[in-house]
Amino acid sequence: MQNKKALVLGAGGFIGGHLVKRLKKEGYWVRAVDLKRHEYNESPADEFIVGDLRDPKLCEQVIDQPFDRLYQLAADMGGAGYIFSGNNDAAIMHNSATVNLNVAEQAKKAGVKKLFYSSSACIYPERNQLDPKKPVCSEESAYPAAPDSEYGWEKIFSERIYLAYARNYGMNVRIARFHNIFGPEGTWTGGKEKAPAAVCRKVAETKNGEIEIWGDGEQTRSFLYIDECLEGVERLMSSDFQGPVNIGSEEMVSINGLVDLVSKVAEKKVNIKHVPGPLGVRGRNSDNRLIREKLGWAPSQTLEKGIRETYAWIAKQVTENKK
Ligand code: NAD
C-alpha cells in the first residue's frame, strides 16, 4: 500500500518542524514548504521546498495533488514584541491573509482531502480578558469579534475563509485555536520569541541574577508543550469535529510565576526588574470543555515538565552561542 501523503506549510517553523517529525514517524510521505529551512533541525521531510506561499504560482506548484492531509501553519508571527508593537500590523495582515486566501483556493482546486488550519487564542475579545484571574476563552465567546491585535483579526478572518470553503465547496477542514505553544527547537532570541522561551533565555543568560520582565508580571497565561499540541492536532484530524476548538493548557500562571518556575528548574536565584513593554491582554487561559466533549481528551501534562525540556535546550543554545 502506498504511503499516505501530507503537506506541511510553515514546516521551517517551530510547530511545523515538530509536526514533520511526527508525521514521518507515523509513516507519511511528507512534502514541506517554507520561506526558509528549519533553523534548529535537519528536516526529515521527503521533499523540502523553499518558497513564498504569498505567490499563487508557488501554491499551485506545491498543492498539486489531492493530499490526504494538508497542514497550514505558515504565518507571519512572533511574540508580544512583534505582534503588539504596532510596527508590523500591515505586514502581518497582508502576508498571512494572502497565504491563507491562496492556500484555500488551491486546496479546493487540487481536491485536498483534509485541511488543518492553525488559528490562535489571540482571536478572543479583549473585553473578556481584562481580569487576570478569570479570563473567558470558551470557543463561542469569540463573537462579537474584538481581538486586541491585527494578528488576531487576521486569524479570525482566515478561520472564516476555511469555514466558507467548507460550506460552499465541501472542503473538509479542521480548525484549532492554539494557546501559547512552547518547547525545544523554537525561536528563543531575536525579538520574535514568546514568553516561555524569552524567560528561559533570560534566566540562562543572567550573570547578576536580575532579569527584565515587561509590565508588572501579574498578567496571566497558559502554555502548552509542543508534544501535547501535536497530539491534539492528530486527534482533531482523526475526528469528525470541524472546530474551531481550543488546543491549550488550563494551567494558568502569571508571568512572575513563570519566572519562579524557570528559576526553580534552572536552580538559580532570580530577581525581577519590571520594565515597560508590549503586553497583550491581562489574562488568558484555555477553556477545554469543548475539546473534552468532542474529542474525549484534553492536555494534562504539567507546565513544569515542559519547562524542564525547554530550559535544557535553551540553556544549551545560550552556551553554544557564546563559544
Ligand atoms: P513559526 O513562526 O515558527 O512558523 C511559521 C512559519 O511560517 C515560519 O517558518 C515562516 O517562515 C513560515 N512562513 C511565513 N510566511 C510564509 C510565506 N509567505 N511562505 C512560506 N512560509 C511562510 O510559528 P509557529 O510557532 O510554528 O506557529 C505555527 C502556526 O501556529 C502559525 O500559524 C501560528 O500563527 C499558529 N499559532 C502558534 C502559536 C504558538 O504559540 N506557537 C499560538 C497560536 C497560533
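Residues numbered from 1 in each chain as written. Predicted model: local features only at pLDDT ≥ 70, side-chain atom pairs only at ≥ 80, totals over all residues. Heavy atoms only, no water.

Caption draft 1: Seen up close, the layout of surface pockets. Taken as a whole, the second largest pocket holds about 150 Å³ of empty space. Taken together, His18, Lys21, Arg22, Lys25, Asp227 and Leu230 form the lining of the second largest pocket. Elements with a contribution of two residues or more to the lining of the second largest pocket: α1 (14–25) and α7 (226–238). (1 Å grid on protein atoms, 1.4 Å probe; cavity = no way out; pocket = protein on both sides within 12 Å on 5 of 7 lines; lining within 4 Å. Points joined across faces, edges and corners; volume = space filled by probe spheres on them. Helix = DSSP H or I, 4+ residues; strand = E, 2+ residues; numbered from the N terminus.)

Caption draft 2: How the structure looks around the domain arrangement of the protein. The domain boundaries assigned to the protein delineate domain 1 (5–181 + 224–247) and domain 2 (184–222 + 251–285 + 302–322). Taking only C-alpha atoms, the centre of domain 1 and the centre of domain 2 are 25 Å apart. With 30 residues of domain 1 at the contact, the number on the domain 2 side is 28 residues. Carbon and sulfur atoms supply 56% of the area that domain 1 and domain 2 bury against each other, a total of about 2,300 Å² over both sides. Linking domain 1 with domain 2 are one salt bridge, by the criterion used here. Note that lysine 21 and glutamate 185 form a salt bridge whose closest N and O atoms lie 2.9 Å from each other. For the pair domain 1 and domain 2, the number of links is nine residue pairs in polar contact (both at pLDDT 80 or more). At the level of secondary structure, the elements contributing two or more residues to the side of domain 1 that touches domain 2 comprise α1, α3 (80–83) and β10 (224–225). (Domains from an automatic or database assignment. Contact = heavy atoms within 4.5 Å. Buried area = accessible area lost by both parts, 1.4 Å probe. Salt bridge = Lys/Arg side-chain N within 4 Å of Asp/Glu carboxyl O. Polar contact = N/O pair within 3.5 Å; in protein donor to acceptor, adjacent residues only side chain to side chain.)

Caption draft 3: Examining the pairing of strand β1 (residues 5–9) more closely. Of all the five residues making up β1, four are buried; the element is thus mostly covered by neighbouring parts of the structure. With five bridges connecting them, β1 and strand β2 (residues 29–34) associate as parallel partners. Each residue of the ladder has a partner; that of alanine 6, found in β2, is valine 30. Crossover handedness for the path β1 to α1 to β2: right-handed. For β1 and strand β4 (residues 69–72), the ladder comprises four bridges, and the chain directions are parallel. Counted as the bridge partner of valine 8 is tyrosine 71 from β4. (Buried < 20%, exposed > 50% of the residue type's maximum accessible area, 1.4 Å probe, protein only. Pairing = 2+ DSSP bridges. Right-handed = clockwise from strand over helix to strand, strands pointing away.)

Caption draft 4: Geometry of the sheet that holds strand β5 (residues 115–120). Spatially, seven strands are ordered β3-β2-β1-β4-β5-β6-β11 in an open sheet, and the strand pairing comes out parallel. If you trace the sheet from one side to the other, it starts and ends with β3 (47–50) and β11 (245–247), each paired once. Along the sheet, successive strands turn relative to each other by an average axial angle of 20°, direction set aside. Across six bridges, the pairing between β5 and strand β6 (residues 173–178) is parallel. When the sheet's bridge partners are listed, phenylalanine 116 is paired in β6 with arginine 174. (Axes fitted to C-alpha atoms, helices over the stretch in contact; angles between N-to-C directions.)

Caption draft 5: Region of interest: the state of the cysteines. Under the criterion given, the structure shown has zero disulfides. Between cysteine 200, a free cysteine, and cysteine 229, which holds the nearest cysteine sulfur, the sulfur-to-sulfur gap is 17 Å. Of the residues examined, cysteine 200 reaches a relative accessible area of 0% and is grouped as buried. Here cysteine 229 is not cross-linked by a disulfide; its sulfur's nearest cysteine counterpart is in cysteine 122, at 14 Å. For cysteine 229, a relative accessible area of 0% puts it in the buried group. (Disulfide = S-S within 2.5 Å.)

Caption draft 6: Just helix α8 (residues 255–266), in detail. For α8, which comprises twelve residues, the first-to-last C-alpha distance of 16 Å matches the rise-based estimate of 16 Å (1.5 Å per residue) to within 8%. Tucked into the core, α8 has its buried residues touching α6 (195–205), β8 (210–214), β9 (220–221), β12 (253–254), β13 (271–275) and α10 (303–322). Note on α8: the residue one or two positions beyond its end, glutamate 267, has a positive phi of about 55°. (Expected span 1.5 Å × (residues − 1).)

Caption draft 7: Examining the nonpolar core more closely. One finds Val8, Tyr71, Phe116 and Phe178 to be the most contacted residues of the largest nonpolar core, which totals 60 residues. Among the elements that take part in this core, α8 stands out by supplying seven residues, more than any other. Per-domain counts for this core show at least three residues from each of domain 1 (5–181 + 224–247) and domain 2 (184–222 + 251–285 + 302–322). Beyond its immediate chain neighbours, meaning those up to four positions away, phenylalanine 116 contacts Leu70, Tyr71, Gln72, Leu73, Arg174, Ala176, Phe178, Val233, Leu236 and Met237. Core analysis: the next-biggest nonpolar cluster, separate from the first, contains 27 residues, Val62, Ala74, Val173 and Ile175 among them. (Core = buried A, V, L, I, M, F, W, Y, C linked by side-chain atoms within 4.5 Å.)

Caption draft 8: Here's a closer look at the site of the ligand. The immediate surroundings of the ligand are formed by 26 residues, with Ile15, Asp34, Tyr151, Ile181 and Lys194 found nearest. Separating an oxygen atom of the ligand from a backbone N or O atom of glycine 13 is a distance of 3.1 Å. Relative to its unbound accessible area of 820 Å², the ligand is 92% covered by the protein chains. Sorting the residues of the shell around the ligand by element identifies α1, β5 and α5 (150–169) as the ones contributing at least two each. Looking at the shell around the ligand element by element, the count peaks at three residues for β5. Residues belonging to the shell around the ligand are distributed by class as follows: twelve nonpolar, eight polar and six charged. (Near = heavy atom within 4 Å. Areas by Shrake-Rupley, 256 points an atom, 1.4 Å probe, with all protein chains shown as cover. Nonpolar A, V, L, I, M, F, W, Y, C, P; charged D, E, K, R; others polar.)

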